[in-house]
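What follows is the residue order along each chain.
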Amino acid sequence: MASAGRSVLGTVLVLVSLGLLVAGWRLTENDRYFLLHAARATGQVVAHEAFEREAWKVTKRFRMVVSFSTPSGSRIRFRSVSNYGKPPYAVGDTVGVRYDPERPTRARVDRRIELLAPLLIWTGAVMLLAVLGVVIAIYGPTHARAMSRVRGAPSPSGR
């Protein structure tokens, strides 16, 4: 009976991870499109704005304010998506920028960690859940049978 429970648990974990993978794929569709079609520019850090993530957090966080020009000459200012305890760039530093050519105000600092971190974290969590489910589905019942033989109890199949 215990091995059947582990097999079911493993199968459920694999199915949940597949569902999360599909949900994550749909939720990151805009980010993936942005990464593939974004134009690049060089911007300048013009300020660091204080940012309070949660009321119970004591540490001060900051978002960078960046300014850049589009090829048409429009000057755009935006706040970084990520927030930092210690900003990675000082005011006046130049930074790479990615922006949507159709909506230049939709821009991000061109740092791999900012662009890929959410996608990598989501994928890692889903893969961990899937591997855990497969391990439980494959090895759980075998381990339970071996343990029942050691104790002298009949195996779940009744033999």
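The structure reproduced in this document is the subject of the present report.

Cut-off values and rules
Residues numbered from 1 in each chain as written. Predicted model: local features only at pLDDT ≥ 70, side-chain atom pairs only at ≥ 80, totals over all residues. Heavy atoms only, no water. Helix = DSSP H or I, 4+ residues; strand = E, 2+ residues; numbered from the N terminus. Buried < 20%, exposed > 50% of the residue type's maximum accessible area, 1.4 Å probe, protein only. Contact = heavy atoms within 4.5 Å. Areas by Shrake-Rupley, 256 points an atom, 1.4 Å probe, with all protein chains shown as cover. Patch = residues over 30% accessible without salt bridge, like charges linked within 9 Å, V, L, I, M, F, W, Y side chains within 5 Å. Salt bridge = Lys/Arg side-chain N within 4 Å of Asp/Glu carboxyl O. Pairing = 2+ DSSP bridges. Axes fitted to C-alpha atoms, helices over the stretch in contact; angles between N-to-C directions.

### Structural notes on the overall build of the protein chain
Step number 1: Within the protein chain, the secondary structure is distributed over three helices and five strands.
Step number 2: When the elements of the protein chain are put in sequence order from the N terminus, they spell out α-α-β-β-β-β-β-α.
Step number 3: Taken across its 159 residues, the protein chain has 28% of its residues classed as buried.
Step number 4: For the protein chain, contacts bridging at least 24 residues in sequence account for 59% of all contacts bridging at least 6.
Step number 5: Per element, the accessible surface of the protein chain, about 10700 Å² overall, is 62% carbon and sulfur.

### Here we look at the side chain of Thr70
Step number 1: Residue placement: Thr70 occurs in the loop between strand 2 (61-69) and strand 3 (75-79).
Step number 2: What makes Thr70 buried here is its relative accessible area of 9%.
Step number 3: Not counting chain neighbours up to four residues away, the residues in contact with Thr70 comprise Ile76, Tyr99 and Pro104.

### A few points about a nonpolar patch on the surface
Step number 1: Together, Val8, Val12, Val16, Leu20, Leu27 and Trp122 make up an exposed nonpolar region whose accessible area comes to about 510 Å².
Step number 2: The element best represented in the nonpolar patch is helix 1 (residues 2-27), accounting for five residues.
Step number 3: Structurally, the position occupied by Val12 is in helix 1.

### Comments concerning the sheet that holds strand 5 (residues 103-109)
Step number 1: Read from one edge to the other, the open sheet built from five strands follows the order 3-2-1-4-5, with strand pairing classed as antiparallel. Each edge of the open sheet is held by one strand with a lone partner, namely strand 3 and strand 5. Taking each pair of neighbouring strands and ignoring which way they run, the sheet shows an average axis angle of 40 degrees.
Step number 2: As paired strands, strand 1 (residues 39-51) and strand 2 are joined by eight bridges and run antiparallel to one another. Counterpart to His48 in the pairing with strand 2 is Met64.

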